[in-house]
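Residues per chain are reported as follows:
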Amino acid sequence: MSRVNISDLFTNINYGTMAPNRKYALFNNREESVPIGSLNILSAKYESLDYEVVENYVYRDEERKKGYKFVVKKNFARWVTFFWIGLITATIGIIIDLSIEVIAGFKFSHVKKSIDNCGQYNCLWKPYLLLLVFNIVPVFIGSMLVSYVEPVALGSGIPQVKCYLNGVKIPRLVRIKTLFVKVIGVITTVVGGMCGGKEGPMIHAGAVVAAGISQGKSTTFNTDFGAFSYFREDHEKRDFVSGGAAAGVAAAFGSPVGGVLFSLEEGASFWNQGLTWRIFFASMISTFTLNSVLSAYHGHPGELTFWGLLNFGKFVDFALSYTMYELPIFVCMGIIGGLLGALFCHLNYKLTVFRMRYLVNPWKKVLEAIFVCSFTATVGFLLSLWQNSCKPLGLDPTKDPLQLNCNDGEYNSMASLWFQVPEASVRSFFHDPTGSFDSSTLALFAIAYYSLTVWTYGLSVSAGIFIPCLVTGAAWGRLIGNSVQNLFPATDVGRYALIGAASQLGGVVRMTISLTIILIEATGDITFGLPLMITLLTAKWIGDYFTESIYDVHIQLSGIPLMAWDPPSLSSNIYASEVMSHPATVFKSKETVGKIVDTLKKYTYNGFPVVDDVYASETEEGNYKPNGRLRGLILRSQLIVLLKNKVFNEVPAAWDDVTLTTFRQDYPRYSDIESVEILDSERNYTVDLLRFMNPSPYVVQHMASLPRIFRLFRAMGLRHIVVVNDSNEVVGVVTRKDLTRYREWRHRGQIGVEELKISSKI
Ligand code: ATP
Ligand code: MG
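Before going into details, it helps to say that this report is about the structure given with it. (Residues numbered from 1 in each chain as written. Chains lettered and ligands numbered in written order. Predicted model: local features only at pLDDT ≥ 70, side-chain atom pairs only at ≥ 80, totals over all residues. Heavy atoms only, no water.)

Right, let's talk about the overall build of the chain for a bit. If you tally the helices and strands in the chain, you get 28 helices and 18 strands. Expressed as a percentage of the 762 residues in the chain, the buried residues total 59%. Taking as baseline every contact in the chain between residues at least 6 positions apart, the subset at least 24 positions apart corresponds to 79%. Put simply, the chain shows about 30,400 Å² of open surface, and 60% of that area lies on carbon and sulfur atoms. (Helix = DSSP H or I, 4+ residues; strand = E, 2+ residues; numbered from the N terminus. Buried < 20%, exposed > 50% of the residue type's maximum accessible area, 1.4 Å probe, protein only. Contact = heavy atoms within 4.5 Å. Areas by Shrake-Rupley, 256 points an atom, 1.4 Å probe, with all protein chains shown as cover.)

Have a look at this one:
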């Protein structure tokens, strides 16, 4: 297959040429080389989702037969499904939270006992070894599961969910097996004392729950409950997954509105009012369930005081009031957060490239995870011993402060930070009465935690990045707060810790609106909204100037064809005829079985334009000449279902039986063409494609500009567009993936664009 030779087709049309000063790379050169060898193989495994509803004859038939009652039933089923999504996502959150609390409590109490029993330097190796064992065992289990059983459960899962909502099918992303590995993985990572959080993975967990419930079947268990079969379509599933992701955010941060905004900001290209309400409903149910169960568990049934897994705790009344003179300080903190975030993304990018090159085998990944885990424990232990940070007991809100290396009546404030779950450290920074953390403690802790987080993100374990960023940011934020307090003694440093946390997180993940709302909801105080917004915006702008967000860095490195938000700038002089693949392989509206089978075996294309029989004449290679007049578009998956069920004109019985259910049965994993058995005698039978094709696919004229095609793909969630000439004759096909090659790299140079070039073999 070749790129279109424009002059052959339309000799009289003057096509634009590329502007010489264009800032972005257009990867439409089919010979482009890819230094990271695995990139093309990786990207080839990601297929696009298709959100287009095929309004063919069988679809209309179902709509007519089932009538309005069915519309009401389906709508009701949607609400019920969203209810369950909220409830089950929250339940998973509760399981994760309580397991971590119990296991981490057990671990800390034993280590504390061992430290208390020791009291002198020469026997401190005992608690150290104990700590190592307590950390390594869970991390080993988690890392083995992620490396050997389900690698897609690695990390927080947010980049992958983002891609799913963007329209890319990530294999095994929403399977129950993935969920199991994720849940166990997160528990083990947090219990193992690594710099990872449990909040990000909740979003992935919500997405899996949503996909599982709405489809009424499980591939992992090989069972089909037969329920909700009418939701077995990409666009229905995508809506539910958006709801699941939102419910995950809601459970993680106690932030139902933040959840809705997350789904809106991060993904879904279509959005409508009904969907917003349903997603909000799922988020609300999720927050409410989590809140009531955790409140009851912690001895306050009915009080609803545990809003989310991440709880910032209650700020003292005056703590969050701010004055105008502080706003410039917050802006400066935003700048620091943006710079630190950009550095974070850059370092982690280099590290990930290294991992992709040299740490390919699963056992190496497990070893690396164990090494980082031991290193984290050692750093924490040594810093606690080395840093003389003894404070009088009773200042820190930590439940069980450690005396390690301090006199009676004192506790070691550095140790209290390392020997508790990171959420508790965040709370310590936010609410500590002044004076319990020295500036040197804060600075050392921030540097150590920052570096360890850079190293941890991307390891073969399941863990999120929200909490480590909040902890690091809160530490350096508090450090700045200490300096401000020296100048203005009445200042509460807690709010500087909060701003630091926000700006560090904003600088790394770069979400703006949803993150602002998540933090406002987690803080529970709207008055502090403006400082948070200002800081997050500044951090995003500064960070974006230097690098992509950490999620985008990982998406690019894994070669996932993500569609950008906007078309590349200065591209309106690129036309459909330059972007499309040509010549198009098409079918006649009444096609022979032999021809269909041969074509499907020869080409891997997923969509084929259907043209008028009258205009289609075959070339020597067995293709039809271009310029058949367009009648519709048929998908590869539909053709395979038709062949498998032998829906041939010559077999009337099969013809009558075929309904939408026939197509849904195989969703989403359709058979391979090689496994479809066709007898020699059937090769001359015919299939009436008119009945099953999409009769009104999205079509553009050959002169349509790239931004226009881009917007159609983006807004409608399309997978294919057919390109026609002035007489409505098919001249080419453009796919969503074709367009993702046209990507504006904002950070050429900084982010190593050379290594990220996606080859034409996607
Ligand atoms: P995805 O597989 O995720 O849908 P894709 O771009 O790989 O995306 P395919 O249908 O596999 O889509 O097609 C591979 C390439 O072949 C694309 O570059 C596309 O433009 C081209 N192509 C697709 N369908 C046809 C067709 N019917 N005739 C000619 N070329 C086609
Ligand atoms: Mg393909």
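As a further point, take the nonpolar core. Grouped together as the largest cluster of nonpolar side chains are 137 residues, with contacts concentrated most on Phe 312, Trp 418 and Phe 429. Residue contributions to this core peak at 14 residues, all from helix H3 (residues 57-118). Leaving out residues up to four positions away in the same chain, Phe 429 has contacts with Leu 417, Phe 437, Leu 442, Phe 445, Val 471, Ala 474, Ala 475, Arg 478, Gly 494 and Ala 497. (Core = buried A, V, L, I, M, F, W, Y, C linked by side-chain atoms within 4.5 Å.)

So, on to the side chain of Thr 81. Relative to the assigned elements, Thr 81 resides in helix H3. Filtering out sequence-adjacent residues up to four positions away, Thr 81 remains in contact with Ile 213, Ser 214, Phe 228, Phe 231 and Phe 240.

Moving on to the state of the cysteines. In this structure the tally under the stated criterion is 1 disulfide. Disulfide partner of Cys 390: Cys 406, at an S-S distance of 2.0 Å. Note on the Cys 390 and Cys 406 pair: the S-S dihedral is about -85°, so by sign convention the disulfide is left-handed. Of this pair, Cys 390 sits in strand S7 (residues 390-392) while Cys 406 is found in the loop between S7 and strand S8 (410-412), placing the two residues 16 residues apart along the sequence. (Disulfide = S-S within 2.5 Å.)

For the rest of this paragraph, the subject is the packing of aromatic side chains. Overall, the coordinates contain 33 aromatic pairs when judged by the stated rule. Where Tyr 128 meets Phe 381, the ring centres are 5.4 Å apart and the plane angle is 55°; that geometry is what we call tilted. Note that Tyr 128 is positioned in helix H4 (residues 125-149) and Phe 381 in helix H12 (residues 362-386), a separation of 253 residues in sequence. Between Tyr 325 and Phe 488, the ring centres sit 5.0 Å apart and the planes meet at 45°, which makes this aromatic pair tilted. Of this pair, Tyr 325 sits in the loop between helix H10 (273-297) and helix H11 (327-358) while Phe 488 sits in the loop between helix H16 (466-487) and helix H17 (493-509), and the two are 163 residues apart along the sequence. Among the aromatic residues, those joined into a ring-pair cluster are Phe 70, Phe 82, Tyr 230, Phe 231 and Phe 240. Between Lys 66 and the ring centre of Phe 70, over which it is positioned, the NZ or CZ distance is 4.5 Å. The lysine or arginine in question, Arg 714, covers the ring of Trp 565, its NZ or CZ lying 4.2 Å from the ring centre. (Phe/Tyr/Trp six-rings, centres within 6.5 Å; stacked < 30°, edge-to-face > 60°. Lys NZ or Arg CZ within 6 Å of the ring centre and 35° of its normal.)

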